[in-house]
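The chain contents come next:
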Amino acid sequence: MTKPKLRVFSGIQPTGDLHIGNYIGALKVWAKNQDLYDNIFCVVDLHAITIPEAIKPVDFKKQIKQTVALYLACGLDPKKSAIFVQSTVPAHTELAWILNCITPVSWLEKMTQYKSKAKNRQSVGAGLLNYPVLMAADILLYQTDLVPVGDDQKQHVEIARDIAKRFNSIFGQTFRLPRSLIRQEGARIMGLDDPTQKMSKSIASQKADHAIFLSDRPEIIRRKIARAVTDNKNELLFKKASLGIKNLLTLYQIFSGKSQSVIEKLLTDKGYGFLKNEVSEAIIAELSPIQEQYQKIVKDEKLLQEILNRGTKKVEKIALKTLSDVKKKIGLS
Ligand code: AQP
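The present account deals with the structure reproduced in this document. No experiment lies behind these values; they were computed from the predicted model shown.

1. Side note on the site of the ligand
Part 1: Neighbouring the ligand are 23 residues, the closest being Lys117, Asp152, Lys198, Lys201 and Ser202.
Part 2: Measuring from a nitrogen atom of the ligand, one finds a backbone N or O atom of Gly21 at 3.1 Å.
Part 3: One nitrogen or oxygen atom from the side chain of Lys198 is found 2.8 Å from an oxygen atom belonging to the ligand.
Part 4: Taking 640 Å² as the accessible area of the ligand by itself, protein coverage stands at 96%.
Part 5: Contributing elements (two or more residues each) for the shell around the ligand: helix H1 (20-32), helix H6 (112-118) and helix H9 (201-204).
Part 6: Take the shell around the ligand: its biggest share by element is four residues, from H1.
Part 7: Residue composition of the shell around the ligand, grouped by class: seven nonpolar, eleven polar and five charged.

Structural data, given as structure tokens:
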């Protein structure tokens, strides 16, 4: 008998144009591994409203469709992966409430992303603090084995596992314990303008040269890479390079598909200008077909809606089964 495939669940917030960090840390891994796993991919719209300024009723629907179109353009195949929007399956919020009741606030206050997003805000919504509990509900609802994410989300997968363990130990075995699936190279792509900061949508919305978006035209990509932070050492070895150069080398490795040793040989006696040119062209070569596909798919609203409806229908059954087990365990049904 063949062993059932491990279940994979992951999601991205529809908070605007996606950048190459989202692509490398999440989308590229999702698409590449589709044949290996039983895949569920979500557009996590309820997470996107944890920053209240991000709620724009008109834009939001459009951004959800654009995110789904990007999923498809990056290679997600609806025959191999269920794709749906988080808020269309109410079991996510219902389970999140139950998990909220067993999660110590002290665990949530320790989350790095909460601390950095809450910093410098006059008022912090409870949703921002509870974000990891909703993410735990997303993951646990589908009895997920693996969560492919960038390195910044590792702590949130760990807390989902801790919440599952806590629930199981109080009420008896209910949830499978999830693990993160994080790539070795490129798990944390850094900002081009500041390689001490993770490349992020929120910084990119304020700083023009911070990130490369999946929709950027070739000339914009070349300009952003040309302006990326370097140094005056001309050190092009992966182990010795400064943060900005290491980031460019990593981008080159991922987008060219070449190994580190081949890249180091190729860059012998070359300068940063040469590296930047190679990086730009490698990114353009990979993003151009994705952009072409995206332009075709995004116009087909009917197809996008059909894919989402099918995805919702498929995952709903799994979600309702888990929720029903949980309710029985705690005496709610
Ligand atoms: N810089 C990055 N390098 C590698 N992976 C990354 N991810 C995000 N930034 C990088 C991964 O992309 C997925 C998208 O997650 P999200 O939409 O929930 O956004 P996020 O993690 O909060 O990161 P963003 O897109 O940069 O948004 P903001 O500005 O809100 O922080 C996740 O798998 C994430 O790990």
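2. Remarks on the pattern of salt bridges
Side chains that carry opposite charge are capable of pairing whenever their charged atoms lie near each other.
Part 1: Inspection of every chain in the model, using the stated rule, returns 14 salt bridges.
Part 2: Residues Arg223 and Asp209 are paired through a salt bridge, measuring 4.0 Å at the closest nitrogen-oxygen approach. Placement of the pair is Arg223 in helix H10 (residues 218-226) and Asp209 in the loop between H9 and H10, with a sequence separation of 14 residues.
Part 3: Take Arg223: its relative accessible area is 35%, and that puts it in the partly exposed class.
Part 4: The salt bridge partner of Asp325 is Lys321, with a shortest N-O separation of 2.8 Å. Remark: Lys321 and Asp325 occur in helix H14 (residues 301-330); sequence separation between them is four residues, near one turn of the helix.
Part 5: Exposure remark for Lys321: the relative accessible area of 51% places this residue in the exposed category.
Part 6: In the salt-bridge network here, residues are joined through shared partners; they are Asp209, Arg223 and Arg227.

3. Examining empty space enclosed by the protein
Part 1: Within this structure, the stated rule accounts for three cavities of 30 Å³ or more.
Part 2: Reported here for the largest cavity is a volume of approximately 40 Å³.
Part 3: If you go around the largest cavity, the residues you meet are Met111, Gln113, Tyr114, Lys117, Leu128, Tyr131, Pro132 and His156.
Part 4: At the level of secondary structure, the elements contributing two or more residues to the lining of the largest cavity comprise H6 and helix H7 (126-141).
Part 5: In terms of residue class, the lining of the largest cavity is built from five nonpolar, two polar and one charged.

4. As for unusual backbone geometry
Part 1: The phi dihedral of Gln143 falls on the positive side, at around 50 degrees, and the residue is not glycine.
Part 2: Along the polypeptide, Gln143 turns up in the loop between H7 and strand E4 (146-148).
Part 3: Since its relative accessible area comes to 14%, Gln143 is described here as buried.
Part 4: Positioned with a positive phi, Asp269 is a non-glycine residue whose angle comes to about 65 degrees.
Part 5: Summarising the element assignment, Asp269 is placed in the loop between helix H12 (260-266) and helix H13 (272-298).
Part 6: According to the relative accessible area criterion, Asp269 is exposed, its value standing at 81%.

5. Observations concerning the packing of H7 against helix H8 (residues 154-171)
Any two packed helices are characterised by the angle at which their axes cross and by the distance between the axes.
Part 1: One way to put it is that H7 packs onto H8 with a least axis distance of 9 Å and a crossing angle of 70 degrees. Our classification of the angle between H7 and H8 gives roughly perpendicular. In this structure, H7 contributes Tyr131, Pro132, Val133, Met135, Ala136, Ile139 and Leu140 to the contact, and H8 contributes His156, Val157, Ile159, Ala160, Ile163 and Ala164.
Part 2: Of the residues contributing to the contact of H7 with H8, the split by class is twelve nonpolar, one polar and no charged.

6. Focus on the packing of aromatic side chains
Part 1: Enumeration over the complete set of coordinates arrives at seven aromatic pairs.
Part 2: Between Phe84 and Tyr142 the ring centres are 6.0 Å apart and the planes differ by 65 degrees, which places this aromatic pair in the edge-to-face class. Linking Phe84 in strand E3 (residues 81-85) with Tyr142 in the loop between H7 and E4, this pair joins segments that are 58 residues apart in sequence. Neither Phe84 nor Tyr142 differs from the other in exposure class; each is buried.
Part 3: By the ring-pair criterion, three or more aromatic residues cluster together here, those being Phe9, Phe84 and Tyr142.

7. Re the environment of Lys207
Part 1: Structurally, the position occupied by Lys207 is in the loop between H9 and H10.
Part 2: What makes Lys207 partly exposed here is its relative accessible area of 42%.
Part 3: Along the primary structure Lys207 and Val44 are separated by 163 residues, whereas in three dimensions their C-alpha atoms are 25 Å apart.

Calculation notes
- Residues numbered from 1 in each chain as written.
- Predicted model: local features only at pLDDT ≥ 70, side-chain atom pairs only at ≥ 80, totals over all residues.
- Heavy atoms only, no water.
- Near = heavy atom within 4 Å.
- Polar contact = N/O pair within 3.5 Å; in protein donor to acceptor, adjacent residues only side chain to side chain.
- Areas by Shrake-Rupley, 256 points an atom, 1.4 Å probe, with all protein chains shown as cover.
- Helix = DSSP H or I, 4+ residues; strand = E, 2+ residues; numbered from the N terminus.
- Nonpolar A, V, L, I, M, F, W, Y, C, P; charged D, E, K, R; others polar.
- Salt bridge = Lys/Arg side-chain N within 4 Å of Asp/Glu carboxyl O.
- Buried < 20%, exposed > 50% of the residue type's maximum accessible area, 1.4 Å probe, protein only.
- 1 Å grid on protein atoms, 1.4 Å probe; cavity = no way out; pocket = protein on both sides within 12 Å on 5 of 7 lines; lining within 4 Å.
- Points joined across faces, edges and corners; volume = space filled by probe spheres on them.
- Axes fitted to C-alpha atoms, helices over the stretch in contact; angles between N-to-C directions.
- Parallel < 35°, antiparallel > 145°, perpendicular 65-115°, else oblique.
- Contact = heavy atoms within 4.5 Å.
- Phe/Tyr/Trp six-rings, centres within 6.5 Å; stacked < 30°, edge-to-face > 60°.

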